[in-house]
Amino acid sequence: MIWYRLISILFIYQKNNERGTNGIIKLGTFFSGIGSPEKALERLKNEGYIKDYKVEFFSEIDKNAIKNYCVIHDINESLNLGSITDIKGENLPYCDLWIGGFPCQDISCAGKMRGFDFMSSTRLSLGWEMIRLLKEVDIKPKYVIFENVANITSNTFSETLKLFKQDLIDLGYSLYDKVLNAVDYGIPQTRRRYFLIAILDNNKKFKFIDGNGCNKALIDYLEKKLMKSIILQMIIMKHLIKIIFYFITKII
């Protein structure tokens, strides 16, 4: 839902933004996973808000993710460029929009907090590869969206993030960023993510749209049979805990 809102702002709500090339939004993604942003574009197309979109390339190294991506989006695996470190900017086809949610383990609160300095060689530092490619391409994309965990904005990583943003500014991009929470956009999950929007034309503005909250719970998305199974497991677990606690007290 967040991807749907963000891409809607870029190509629909902002009247001073054209909608792609000849009405078709050309897309390239890095660290693609199974392609959530692509589903947002598909929805916008199905709802008649955009004429069409075309995946020019995607970049993913996980074999299972690649297979799922191609099945979900009905595209040929040959469009996968593999590891971002092996990609040369001069070989990339033009895209209106690049999207990259580079690996977050090295700054996530659940990770080792090793950071993403340019020379750190962490998985997160792969985000700088997108900067490299932006410098190498013949024609830069009009829009770039970066996504990561909210912790990237913390004091620990703020200086590195500032350098990252400055590189984009030096490339001619205007920047807009904000931490968004999935629960504010109709998803029953507290999932805070940092989004950085880069727009090549300084005359074009971007404004984040506030969410409307969420009136659903996770249970609303679960199948009834599955829900019964989960409830049964919870009841069994509750009784097991009572039994274990009883025996522990007797031993003590």
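Everything discussed here concerns the structure shown above.
Computed from a prediction, not measured in an experiment: that's the story for all the values here.

A. Spotlight on the overall build of the protein chain. Of regular secondary structure, the protein chain possesses 6 helices and 6 strands. Taking all 252 residues of the protein chain together, 42% fall into the buried category. Counting contacts in the protein chain only where the partners sit at least 6 residues apart, residues at least 24 apart contribute 72% of the total. As presented, the protein chain carries roughly 14600 Å² of accessible surface, and 55% of it is formed by carbon and sulfur atoms.

B. Quick peek at the nonpolar core. Within the largest apolar cluster, 34 residues are counted, with the highest numbers of intra-cluster contacts made by L6, L10, I145, I197 and F206. Broken down by element, this core gets its largest block of residues, 8 residues, from helix α1 (residues 2-13). F30, L133, L171 and Y194 belong to the second largest nonpolar core, which has 26 residues in total.

C. Layout of the sheet that holds strand β5 (residues 174-181). With respect to topology, 6 strands assemble into an open sheet ordered β2-β1-β3-β4-β6-β5, the strand pairing being mixed. The open sheet has two edge strands with one neighbour each: β2 (52-59) and β5. Sheet twist, expressed as the average angle between the axes of neighbouring strands with direction ignored, equals 20°. As judged from the 8 bridges shared by β5 and strand β6 (residues 192-199), these two strands associate in the antiparallel manner. Each residue of the ladder has a partner; that of K178, found in β6, is F195. On the sheet, helix α5 (residues 158-170) packs against β4 (143-149), β5 and β6 and is oriented at approximately 25° with respect to β6.

D. The pairing of β4, seen in detail. In terms of burial, β4 is a largely internal element, 7 of the 7 residues being buried. By the bridge criterion, 4 bridges tie strand β3 (residues 97-100) to β4 in an arrangement that is parallel. Pairing of W98 across the sheet is with V144, part of β4. Pairing analysis gives 7 bridges linking β4 to β6, with the strands arranged antiparallel. Bridge pairing in β6 links F146 to L196.

E. Summary view of the pattern of salt bridges. In the structure shown here, the tally under the stated rule is 11 salt bridges. Salt-bridge contacts for E159 lead to K162; the nearest nitrogen and oxygen are separated by 3.4 Å. On the criterion of helical spacing, the pair formed by E159 and K162 is a turn pair, its members being 3 residues apart in helix α5. Note on K162: relative accessible area 51%, which makes it exposed.

F. Spatial organisation of helix α2 (residues 36-46). Among the residues of α2, P37, E38, A40, L41 and L44 are the ones counted as buried. Looking down the long axis of α2, one finds its buried residues gathered within 155° of arc, a one-sided arrangement. Looking one or two residues beyond α2, the residue adopting positive phi is G48, at roughly 85°.

G. Summary view of empty space enclosed by the protein. Summed over all chains, the structure comprises 1 cavity of 30 Å³ or more. Space inside the largest cavity adds up to approximately 30 Å³. Contributing to the lining of the largest cavity are F102, F146, E147, N148, I152, L161, F164, Y194 and L196. Within the residue set of the lining of the largest cavity, elements represented by two or more residues are β4, α5 and β6. When residues in the lining of the largest cavity are grouped by element, the largest group, 3 residues, is from β4.

Calculation criteria
- Residues numbered from 1 in each chain as written.
- Predicted model: local features only at pLDDT ≥ 70, side-chain atom pairs only at ≥ 80, totals over all residues.
- Heavy atoms only, no water.
- Helix = DSSP H or I, 4+ residues; strand = E, 2+ residues; numbered from the N terminus.
- Buried < 20%, exposed > 50% of the residue type's maximum accessible area, 1.4 Å probe, protein only.
- Contact = heavy atoms within 4.5 Å.
- Areas by Shrake-Rupley, 256 points an atom, 1.4 Å probe, with all protein chains shown as cover.
- Core = buried A, V, L, I, M, F, W, Y, C linked by side-chain atoms within 4.5 Å.
- Pairing = 2+ DSSP bridges.
- Axes fitted to C-alpha atoms, helices over the stretch in contact; angles between N-to-C directions.
- Salt bridge = Lys/Arg side-chain N within 4 Å of Asp/Glu carboxyl O.
- Arc of directions from axis to C-beta.
- 1 Å grid on protein atoms, 1.4 Å probe; cavity = no way out; pocket = protein on both sides within 12 Å on 5 of 7 lines; lining within 4 Å.
- Points joined across faces, edges and corners; volume = space filled by probe spheres on them.

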